[in-house]
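A closer look at the structure
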Amino acid sequence: MRLRSAVSAVTLVNGLWSVAAGAYWSRIFEFVNPPIQTSLGSENIILIVLGAILLLDSIACYVGWTEALYASAAVSLLIVLDIAIGRVQFASPAFAGSLILGLVVIALDILAARRKLFIPEEDHPLNLPVFG
């Protein structure tokens, strides 16, 4: 259960980073071609929504729903793809940090989802051999 708690904490950090990166999109990232300034501002609404979904999903991961871990990996992949296609300079530190954080979350989510939470009866330490 400790692994799932740690994974949910990392997922929470990724969600918080995604919301912050989406809200301050033009201030955090360096762009190849600067985004067009609109009346809505310079935030990335898609990234904010995906980050909010990831924040809610981290709670479900903490509760222990295995499907939530797979959903978290999928949303993290969408976040990485959204940042990658956002005309961000690949050499910028914010891009490298986002990419590393996203890939770590994806790997940890899959690892935690595939890990067994139970011990089979034949391997249980309290299963004593019966003589007689």
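Further up the page is the structure itself.
Throughout what follows, the structure given in this document is the object of discussion.

Definitions and limits used
Residues numbered from 1 in each chain as written. Predicted model: local features only at pLDDT ≥ 70, side-chain atom pairs only at ≥ 80, totals over all residues. Heavy atoms only, no water. Patch = residues over 30% accessible without salt bridge, like charges linked within 9 Å, V, L, I, M, F, W, Y side chains within 5 Å. Areas by Shrake-Rupley, 256 points an atom, 1.4 Å probe, with all protein chains shown as cover. Salt bridge = Lys/Arg side-chain N within 4 Å of Asp/Glu carboxyl O. Helix = DSSP H or I, 4+ residues; strand = E, 2+ residues; numbered from the N terminus. Buried < 20%, exposed > 50% of the residue type's maximum accessible area, 1.4 Å probe, protein only. Expected span 1.5 Å × (residues − 1). Contact = heavy atoms within 4.5 Å.

Considerations on a nonpolar patch on the surface
A cluster of nonpolar side chains, contributed by Leu 56, Ile 59, Val 63 and Trp 65, occupies part of the molecular surface with about 470 Å² of accessible area. When you line up the elements, Leu 56 lands in helix α3 (residues 45-63). On the basis of relative accessibility, which here comes to 62%, the residue Leu 56 falls in the exposed class.

Quick notes on the environment of Leu 99
Inspection of the secondary structure assignment puts Leu 99 in helix α5 (residues 93-114). By relative accessible area, which is 32% here, Leu 99 ends up partly exposed. Considered as a pair, Leu 99 and Ile 83 are 16 residues apart in the sequence and their alpha carbons are 8.4 Å apart.

Focus on helix α4 (residues 66-84)
End to end, α4 covers 28 Å across 19 residues, agreeing with the expected 27 Å (1.5 Å per residue, within 8%). Elements in contact with the buried residues of α4: α1 (2-23), α2 (25-28), α3 and α5.

As for the environment of Leu 69
Within the fold, Leu 69 resides in helix α4. Each C-alpha atom, one on Leu 69 and one on Leu 111, is 9.2 Å from the other, the two residues being 42 residues apart in sequence.

It is worth stressing that arrangement in space is one thing and function is another; only the former is reported here.
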